[in-house]
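# Understanding the architecture of this molecule
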Amino acid sequence: QVQLVESGGNLVQPGGSLRLSCAASGSILSTDDMGWYRQAPGKEREFVAVVNSNTRPNYAALVKGRFTISRDYAKNTVYLQMNSLKPEDTAVYYCYYAADYWGQGTQVTVSS
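The sections below set out a description of the structure shown in this document. (Residues numbered from 1 in each chain as written. Predicted model: local features only at pLDDT ≥ 70, side-chain atom pairs only at ≥ 80, totals over all residues. Heavy atoms only, no water.)

## Details of the state of the cysteines
Defined as follows: Note that a disulfide, as used here, is simply two cysteine sulfur atoms within 2.5 Å. A run of H or I in DSSP counts as a helix once it spans at least four residues, and a run of E counts as a strand once it spans at least two, with each numbered from the N terminus. For every residue, the accessible area obtained with a 1.4 Å probe (protein chains only) is divided by the maximum for its type, and the residue is called buried under 20%, exposed over 50%, and partly exposed between those limits.
In total, this model carries one disulfide according to the counting rule given. Cys22 shares a disulfide with Cys95; S-S distance 2.0 Å. Looking down the S-S bond of the Cys22 and Cys95 bridge, the torsion is -80°, so its handedness is left-handed. Of this pair, Cys22 sits in strand E3 (residues 18-25) while Cys95 sits in strand E9 (residues 91-97), and the two are 73 residues apart along the sequence. The class of Cys22 is buried, set by a relative accessible area of 0%.

## Side note on the packing of aromatic side chains
As a reminder, the rule being used: What counts as a ring pair is set by centres within 6.5 Å for rings of Phe, Tyr and Trp (its six-membered ring), and what kind of pair is set by the plane angle: stacked under 30 degrees, edge-to-face over 60, tilted for all other angles. In our convention, an over-ring charge means Lys NZ or Arg CZ found within 6 Å of a ring centre and within 35 degrees of that ring's normal.
As enumerated under the stated definition, the model contains five aromatic pairs in all. On the basis of an interplanar angle of 75° and a centroid distance of 5.4 Å, the ring pair of Tyr37 and Trp102 is categorised as edge-to-face. Note that Tyr37 is positioned in strand E4 (residues 34-39) and Trp102 in strand E10 (residues 101-102), a separation of 65 residues in sequence. Judged by its relative accessible area of 36%, Trp102 is partly exposed. Just above the ring of Tyr94 sits the side chain of Arg45; from NZ or CZ to the centre is 3.8 Å. A cation sits over an aromatic face here: Arg45 above Trp102, 4.8 Å from the ring centre.

## Let's talk about the sheet that holds strand E8 (residues 77-82)
Keep this limit in mind: What makes two strands pair is DSSP finding at least two bridges between them. The angle between two axes is taken between their N-to-C directions and runs from 0 to 180 degrees, where each axis is a line fitted to C-alpha atoms and a helix contributes only its stretch in contact.
With antiparallel pairing, the four strands of this open sheet are ordered in space as E1-E3-E8-E7. Every interior strand has two partners, whereas the edge strands, strand E1 (3-7) and strand E7 (67-72), have only one. Between one strand axis and the next, the sheet turns by 15° as a mean value, whatever way the strands run.

## Some points on the nonpolar core
Here is the rule: Buried Ala, Val, Leu, Ile, Met, Phe, Trp, Tyr and Cys residues form a nonpolar core when they are joined through side-chain atoms within 4.5 Å. The contact definition used throughout considers only heavy atoms, calling two residues in contact when any of these lie within 4.5 Å.
With 29 residues, the main nonpolar core has Trp36, Leu80, Met82 and Tyr93 as its most contacted residues. Those elements that provide at least two residues to this core are E3, E4, strand E5 (46-51), E7, E8, E9 and strand E11 (106-110). In this structure, Met82 is in contact with Gly16, Ser17, Leu18, Leu20, Arg66, Phe67, Tyr93 and Val108, ignoring residues within four places of it in sequence.

## Focus: the environment of Gln107
Inspection of the secondary structure assignment puts Gln107 in strand E11. The contacts of Gln107, once residues within four sequence positions are left out, are Gly9, Asn10, Thr90, Ala91 and Val92.

As structure tokens, then:
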């Protein structure tokens, strides 16, 4: 069984930065995807970014150039560095592993 615990969500002003973390426990393979989705109020959950040991990170068009995903394979932890945040980035951010396991979500609010 895999468990994911996110942290780092907060209230930030437009143009600001946040770093989200997601620590995984259990049987984790570096070749499996680990990444982030987000869900804004009244909207469907959408892909944000993904990383594994075989391929380059992949990003949604809306965040490319502003967000950076990284992964510490020794700690089984994935990070999402979010810069130049916009109000439309406001959402609950969910970490996932191998498309089968999900964290509980962490709230990111971008507002002045």
